[in-house]
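Observations on chain architecture
So the chains spell out like this:
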Amino acid sequence: MTGSDAQLLIEELYQSYRPDTLFLTGFNDSRIGINHSIRQTLYRDPDRPESGDQVICLRNNWQKGIYNGMMGVLQSVKVAENPSDEYSSYDIDVVAQDGQSLYSGLAIAEQFGADNTLNLTPKERENIGELFDYGYALTVHKAQGSQARKVLVIEERSQHTSDEEWARWLYTAVTRAEEELYIFGAPEPYSRPGK
């Protein structure tokens with residue numbers, strides 16, 4: 001398959017996205033770009049999360065029953081009042097695919113679509129919200145423990161990755177698939193719109 005054929009197939013997979021599909025990448029930039037592209041094909045607001053968006057929790061908070069890597073769907077999202085001058089918040093409700101409630105509370109608005117996970121302590125997050133991001137695409141590292149019926153892996157390897165590390169990365173990626181697996185080679189990191 002040529003590079004343009006693979007790109008067309010990826011675009012088709014974006015267009016036919018379903019909640020039982022998971023895109024996996026090697027690089028964070030690719031994850032962000034794919035999340036943006038999928039949300040665009042779903043006609044989501046590019047500037048803020050909406051009900052129905054797939055999300056992932058980025059930090060543990062055992063008191064609230066949430067953990068790093070927990071996946072869900074936004075059932076509701078509204079702008080919340082926030083005592084912080086630096087961050088804004090959403091009041092969100094996150095549910096599992098079966099509708100079971102996973103989290104109700106504040107989430108930091110600036111984390112959605114951000115390049116990196118905000119480095120805030122649990123005490124700092126207490127009043128302004130937890131860390132959630134879009135979860136249509138994940139890095140393989142973040143996907144450990146997750147599974148989906150259809151998994152699409154964008155093969156991305158750092159020049160500093162040893163063959164042994166690469167084999168572990170690839171094993172983790174392919175074992176996330178329950179039924180269907182697609183692997184695409186990516187000689188360069190995925191370029192997201194505006195970069």
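Predicted, not measured: the structure shown is a model, and the values here were computed from it.

With respect to the packing of aromatic side chains
Per the counting criterion, the structure on display carries five aromatic pairs. Their ring planes at 80 degrees and their centres at 5.1 Å tell us that Tyr17 and Tyr136 sit as a pair that is edge-to-face. One end of the pair, Tyr17, is in the loop between α1 (3-15) and β1 (21-25); the other, Tyr136, is in the loop between β6 (132-134) and β7 (137-139), and 119 residues separate them in sequence. A single burial state applies to Tyr17 and to Tyr136, both of which are buried. Taking 6.0 Å as the distance between ring centres and 65 degrees as the angle between the ring planes, the aromatic pair formed by Tyr90 and Phe112 counts as edge-to-face. With Tyr90 in strand β4 (residues 89-95) and Phe112 in the loop between β5 (101-108) and α3 (122-128), the pair connects residues that are 22 residues apart, well separated along the chain. Grouping residues by exposure puts Tyr90 and Phe112 together as buried. Aromatic ring contacts, followed pair by pair, group Tyr90, Phe112 and Tyr134 into a single cluster.

Some remarks on the environment of Ile38
Locating Ile38 in the fold gives a position in helix α2 (residues 28-41). In this structure, the C-alpha to C-alpha distance between Ile38 and Thr25, residues 13 residues apart in sequence, is 14 Å. Ile38 has contacts with Tyr14, Tyr17, Phe23 and Tyr136, leaving out every residue within four places of it along the chain.

Describing a negative patch on the surface
Taken together, the side chains of Asp85, Glu86, Glu110 and Glu124 define an acidic patch exposed on the protein surface. With respect to the helices, strands and loops of the structure, Asp85 is situated in the loop between β3 (71-80) and β4. For Asp85, a relative accessible area of 86% gives the class exposed.

A look at α2
Look at α2: 20 Å from first C-alpha to last across 14 residues, which is about the 20 Å you get at 1.5 Å a residue. Most of α2 is tucked away: ten of the 14 residues are buried. The set of residues buried in α2 consists of Ser30, Arg31, Ile32, Gly33, Ile34, Asn35, Ser37, Ile38, Arg39 and Thr41.

Points about the pairing of strand β2 (residues 54-57)
Across the two faces of β2 the burial is the same, with Gln54 and Ile56 and Val55 and Cys57 all buried. Note: β2 against β3, three bridges, orientation antiparallel. Bridged to Ile56 within β3 is Met71. As paired strands, β2 and β6 are joined by three bridges and run antiparallel to one another.

Digging into the side chain of Asn35
Its place among the elements puts Asn35 in helix α2. Since its relative accessible area comes to 2%, Asn35 is described here as buried. A polar side-chain atom of Asn35 sits 3.0 Å from the main-chain amide nitrogen of Tyr136. Apart from residues lying up to four places away in sequence, Asn35 is in contact with Tyr134, Gly135, Tyr136 and Ala137.

Reading the values: the criteria
- Residues numbered from 1 in each chain as written.
- Predicted model: local features only at pLDDT ≥ 70, side-chain atom pairs only at ≥ 80, totals over all residues.
- Heavy atoms only, no water.
- Phe/Tyr/Trp six-rings, centres within 6.5 Å; stacked < 30°, edge-to-face > 60°.
- Helix = DSSP H or I, 4+ residues; strand = E, 2+ residues; numbered from the N terminus.
- Buried < 20%, exposed > 50% of the residue type's maximum accessible area, 1.4 Å probe, protein only.
- Contact = heavy atoms within 4.5 Å.
- Patch = residues over 30% accessible without salt bridge, like charges linked within 9 Å, V, L, I, M, F, W, Y side chains within 5 Å.
- Areas by Shrake-Rupley, 256 points an atom, 1.4 Å probe, with all protein chains shown as cover.
- Salt bridge = Lys/Arg side-chain N within 4 Å of Asp/Glu carboxyl O.
- Lys, Arg positive; Asp, Glu negative; His and termini not counted.
- Charge placed at Lys NZ, Arg CZ, Asp CG, Glu CD.
- Expected span 1.5 Å × (residues − 1).
- Pairing = 2+ DSSP bridges.
- Polar contact = N/O pair within 3.5 Å; in protein donor to acceptor, adjacent residues only side chain to side chain.

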